[in-house]
Amino acid sequence: MTASHPAHAHVLVIDQGTTSTRAIVFDHHMHPVAQAQEEFPQIYAQPGWVEHNPETLWATVLGTARAALQKAGLAASDIAALGIANQRETTLIWERSSGRPIHNAIVWQDRRTASICDRLERDGHAELIAERTGLRIDPYFSGTKISWMLDQVPGARARAERGELAFGTVDSFLIWRLTGGRVHAIDATNASRTLLCDIRSGTWDPDLVRLLDIPVSLLPEIRDSAGSFGETLPELLGGAIAIRGVAGDQQAALIGQCCFSPGTIKATYGTGGFILLNTGTELKRSKHRLLSTIAWQRNGVRHYALEGSIFSAGAAVQWLRDGLGLVESSAETGRLAEAADPAQTLYLVPAFTGLGAPHWDSRAQALITGITRGTTKKELARATLESVGFQTRDLLAAMLADDDEPDRTRSVFRVDGGMSASNWTMQFLADTLDMPIDRPAFRETTAMGAGYLAGLDAGVYPEPEIFERQWKLDRRFMPNAVPEDRDRRYRGWQRAVKLALTPQDE
Ligand SMILES: Nc1ncnc2c1ncn2[C@@H]1O[C@H](COP(=O)(O)OP(=O)(O)O)[C@@H](O)[C@H]1O
Ligand SMILES: O=P(O)(O)OC[C@H](O)CO
């Protein structure tokens, strides 16, 4: 990107996501030069539970990082910095002495702590938690998952109190393993998803730590997203590499999409869907059940975002493919949707792991409405893809209602994630939101964002004003729906959602 940098100043990124781990090597112009990816199994031990085997995560991290370096024909000494992006909220606790986890990682989608959340809600803590953390009481976040592990794994609480255990989200766990236990740290974006961090100051909140009964010795140190996280053990990647950029994957995508200005939005459609609106250095509060979250922290200065979190986006497509066996590949859903009968109005509310923003109903049940004798997999595929558009419209409406400058907010909406490959879904999104949707040429924006943070800290990549010039459009989807049809269909979606929500008297 700047001609003065030596050609060996590459950046390696590990993107540890919900269903797969990717590693990408970028050169000093921020061009990707090699990539490796490995999927890993999801563990559904009980209904509503989702776990990952930490050793499998670690194996995929090492495997993909080594493979990417090898494909690039580079050695560790060619890498100026390592960046990490990770699935957020997913919770691990491990032994400080051995680095061995005491339990499988409890994944962000896991609902097992719904009753702990009910108790917090009943005891009147919602306001305090929202004020300090920008979050809501929901099993999604790490805090109640930590409490659950301490209470359910035999001996864990006593060991934690003796200082023998360490907690971390996936970034912390990887930093611990990569540095051989020398660094126990978390970046500010990941900390902001734990339910324990005061996002006004970027520090652990003693009241919340006490409320959830979590020994302070468990907690990692909160650091800038662009900054030093130690060095990898030389034997892991063939030489020591400095870890200099860390961010939760959704925040990393916001950076990779160059949404640096307040009012810009990115939406990532992977397993879930996450829509983030940059609100600058101002911490904005939502009146419409969105989250406030740290977008990144650099030189101790925090930037913030409003976030709408959709728990099932691509997950619903995966269900059609792997659960029902209706399609062989995810991409087939677009072709089926295209051929669906326009006269049928089917709705799928994909509350497979409850509903996130703006409903926050962890017990909501998935449902399909409008089935007739004429319904085929074509209409079901269309309803599945449409559910992503409808859920996004729910969230955009909340963002615009929270916004003092809604016109500015309607100017930049950039998409990425596996599902953004679906032209049919992106056109439906533009139609439903009634605004243009921009898809970038380089879609690994999560890795790009973490790589940018690491390269920026290493002095290899330039400041945001220059970096954002490299963002390139692949395709703009223009809205093209008949307003009456669009709004009638959306009202039908809203009716279907009402049926999926837990009745108030339960
Ligand atoms: N052409 C497509 N049409 C619809 N869904 C797709 C398409 N390609 C990928 N997906 C969905 O995108 C998801 C994978 O996206 P990815 O960003 O890799 O997810 P994650 O980071 O959560 O692991 C899967 O759920 C898959 O079903
Ligand atoms: O790994 P992804 O892309 O599904 O993202 C998961 C989110 O970080 C959960 O909050």
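Residues numbered from 1 in each chain as written. Chains lettered and ligands numbered in written order. Predicted model: local features only at pLDDT ≥ 70, side-chain atom pairs only at ≥ 80, totals over all residues. Heavy atoms only, no water.

How should the overall build of the protein be read in this particular structure?
From N to C terminus, the protein includes 18 helices and 22 strands. Relative to the 2.2 N^0.38 estimate, which gives 23 Å for 506 residues, the radius of gyration of the protein is 22 Å and therefore close to what a compact globule would have. Each principal axis of the C-alpha atoms in the protein carries an extent, and together these give about 60 × 55 × 45 Å. Within the protein, the proportion of its 506 residues that are buried is 62%. With the model as given, the accessible surface of the protein reaches about 18,900 Å², and the carbon-plus-sulfur share is 49%. (Helix = DSSP H or I, 4+ residues; strand = E, 2+ residues; numbered from the N terminus. Rg over C-alpha atoms; globule rule 2.2 N^0.38 Å. Buried < 20%, exposed > 50% of the residue type's maximum accessible area, 1.4 Å probe, protein only. Areas by Shrake-Rupley, 256 points an atom, 1.4 Å probe, with all protein chains shown as cover.)

For this particular structure, what's the right way to read empty space enclosed by the protein?
Inspection of the entire model under this criterion finds one cavity of 30 Å³ or more. The calculated volume of the largest cavity comes to roughly 60 Å³. The wall of the largest cavity is formed by 13 residues, among which Leu355, Ala357, His359, Gln391 and Asp394 lie closest to the centre. Sorting the residues of the lining of the largest cavity by element identifies strand 17 (301–310), helix 13 (377–402) and helix 18 (483–500) as the ones contributing at least two each. Taken together, the residues that form the lining of the largest cavity break down as eight nonpolar, four polar and one charged. (1 Å grid on protein atoms, 1.4 Å probe; cavity = no way out; pocket = protein on both sides within 12 Å on 5 of 7 lines; lining within 4 Å. Points joined across faces, edges and corners; volume = space filled by probe spheres on them. Nonpolar A, V, L, I, M, F, W, Y, C, P; charged D, E, K, R; others polar.)

Whenever I open this one, the site of ligand 1 confuses me. Can you help?
Residues in contact with ligand 1 amount to 17 residues; listed here are only the nearest, Thr19, Arg22, Thr271, Ser330 and Gly418. Here Thr271 contributes a side-chain N or O atom positioned 2.5 Å from an oxygen atom of ligand 1. Between an oxygen atom of ligand 1 and a side-chain N or O atom of Ser330, the distance comes to 2.9 Å. When residues of the shell around ligand 1 are traced back to their parent elements, those giving at least two are strand 2 (20–26) and helix 11 (314–323). (Near = heavy atom within 4 Å. Polar contact = N/O pair within 3.5 Å; in protein donor to acceptor, adjacent residues only side chain to side chain.)

Before we go on, may I ask you to explain the UniProt feature "binding site: sn-glycerol 3-phosphate" (unreviewed entry) in the protein in this structure?
Under the UniProt annotation, "binding site: sn-glycerol 3-phosphate" (unreviewed entry) lies at Thr18, Arg88, Glu89, Tyr140 and Asp249. Looking at the secondary structure, you find Arg88 in the loop between strand 5 (79–86) and strand 6 (91–95). Residue classification places Arg88 among the buried residues on the basis of a relative accessible area of 3%. Ignoring sequence-local partners within four residues, the contact set of Arg88 consists of Trp108, Tyr140, Asn190, Arg193, Gly248, Asp249, Gln250, Gln251, Phe274 and Glu307. Separated by 3.2 Å, the side chains of Arg88 and Tyr140 make a polar contact. Along the chain, Tyr140 turns up in the loop between helix 3 (126–133) and helix 4 (142–152). Non-local contacts of Tyr140, meaning those with residues more than four positions away in its chain, are made with Arg88, Glu89, Trp108, Arg111, Lys145, Arg193, Phe274, Leu291, Glu307, Ser309, Phe311 and Trp360. (UniProt positions renumbered as here; feature names shortened; annotations may be inferred. Contact = heavy atoms within 4.5 Å.)

What exactly am I supposed to notice about the confidence of the model for the protein here?
Detailed reading of the predicted coordinates is not advisable wherever pLDDT is low. Averaged over all residues, the pLDDT of the protein is 94; the fraction at 70 or higher stands at 97%. Scoring the predicted complex yields pTM 0.94 and, for the interface, ipTM 0.97. (pLDDT = per-residue confidence, 0-100.)

Whenever I open this one, the pattern of salt bridges confuses me. Can you help?
Charged atoms that come close allow side chains of opposite charge to pair. Tallying each qualifying case throughout the model produces 35 salt bridges. In this structure, Arg88 and Glu307 form a salt bridge, with 2.9 Å as the shortest nitrogen-oxygen distance. Of the two residues, Arg88 sits in the loop between strand 5 and strand 6 while Glu307 sits in strand 17, which places them 219 residues apart along the sequence. Grouping residues by exposure puts Arg88 and Glu307 together as buried. Between Glu221 and Arg223 there is a salt bridge, with the nearest N and O atoms lying 3.2 Å from each other. Looking at Arg223, the relative accessible area reads 22%, which means it is partly exposed. One continuous salt-bridge network, built from bridges that share partners, spans Arg88, Glu89, Arg193, Asp249 and Glu307. (Salt bridge = Lys/Arg side-chain N within 4 Å of Asp/Glu carboxyl O.)

What should I look at first to understand the packing of aromatic side chains in this one?
Aromatic ring pairs are reported here in terms of the distance separating the ring centres and the angle at which the planes meet. Across all of its chains, the model carries 22 aromatic pairs by this definition. Ring geometry for Phe311 and Trp360: centres 6.1 Å apart, planes at 75°, overall edge-to-face. A residue pair is termed long-range when its members are at least 10 positions apart, and Phe311 in the loop between strand 17 and helix 11 and Trp360 in the loop between strand 18 (347–349) and strand 19 (367–369) qualify at 49 residues. Trp360 carries the same exposure label as Phe311, and that label is buried. Pairing Trp319 with Phe352 gives two aromatic rings, centres 5.1 Å apart and planes at 45°, and the pair type is tilted. Taken as a pair, Trp319 in helix 11 and Phe352 in the loop between strand 18 and strand 19 lie far apart in primary sequence, 33 residues in all. With relative accessibility at 26%, the residue Trp319 sits in the partly exposed group. Following the ring pairs from residue to residue traces out a cluster consisting of Trp108, Tyr140, Phe141, Phe274, Phe311 and Trp360. In this structure, Arg88 is placed above the aromatic ring of Phe274, and the distance from its NZ or CZ to the ring centre is 5.1 Å. (Phe/Tyr/Trp six-rings, centres within 6.5 Å; stacked < 30°, edge-to-face > 60°. Lys NZ or Arg CZ within 6 Å of the ring centre and 35° of its normal.)

I'm lost on helix 15 (residues 423–433) in this one. Help?
Structural remark: α-helix, 3.6 residues per turn; residues separated by three or four positions point the same way. Judged by how many residues are buried, helix 15 sits mostly within the fold: nine of eleven residues are covered. Among the residues trailing helix 15, Asp434 stands out with phi positive, at a value near 60°.

Help me out: how do you make sense of the nonpolar core in this one?
If you look at soluble globular proteins, the nonpolar side chains tend to sit buried side by side. If you look at the biggest cluster of nonpolar residues, it comprises 119 residues, and the most contacted ones within it are Ile93, Leu218, Tyr269, Phe413 and Ile437. Per-element accounting of this core gives the leading share, eight residues, to helix 13. With sequence-adjacent residues up to four places away left out, Ile437 is seen in contact with Phe413, Val415, Met426, Leu429, Ala430, Arg475, Arg476 and Phe477. Among the nonpolar cores identified, the runner-up in size contains 37 residues, and Ile14, Leu174, Leu178 and Leu236 belong to it. (Core = buried A, V, L, I, M, F, W, Y, C linked by side-chain atoms within 4.5 Å.)

I tried to follow the sheet that holds strand 5 on my own but got confused; where do I start?
The pairing of strands in a sheet happens through backbone hydrogen bonds and is either parallel or antiparallel. Spatial strand order, 3-2-1-5-13: five strands in an open sheet with mixed pairing. Two strands bound the open sheet, and with one partner strand each, they are strand 3 (32–39) and strand 13 (243–248). The average undirected angle you get between the axes of adjacent strands in this sheet is 15°. Bridge count for strand 1 (residues 10–16) against strand 5 is seven bridges, and the pairing is parallel. Within strand 5, the position partnered with Gln16 by the bridge is Asn86. (Pairing = 2+ DSSP bridges. Axes fitted to C-alpha atoms, helices over the stretch in contact; angles between N-to-C directions.)

What is the right way to look at the site of ligand 2 in this model?
Close to ligand 2 lie Gly17, Thr18, Gln87, Arg88, Glu89, Trp108, Tyr140, Asp249, Gln250, Thr271 and Phe274, which account for all nearby residues. For ligand 2, an oxygen atom lies 2.7 Å from a polar atom in the side chain of Thr18. In the model, an oxygen atom of ligand 2 is placed 2.8 Å from a nitrogen or oxygen of the Tyr140 side chain. Within the complex, the protein chains bury 92% of what would otherwise be the 310 Å² of accessible surface of ligand 2. A per-class count over the shell around ligand 2 returns three nonpolar, five polar and three charged.

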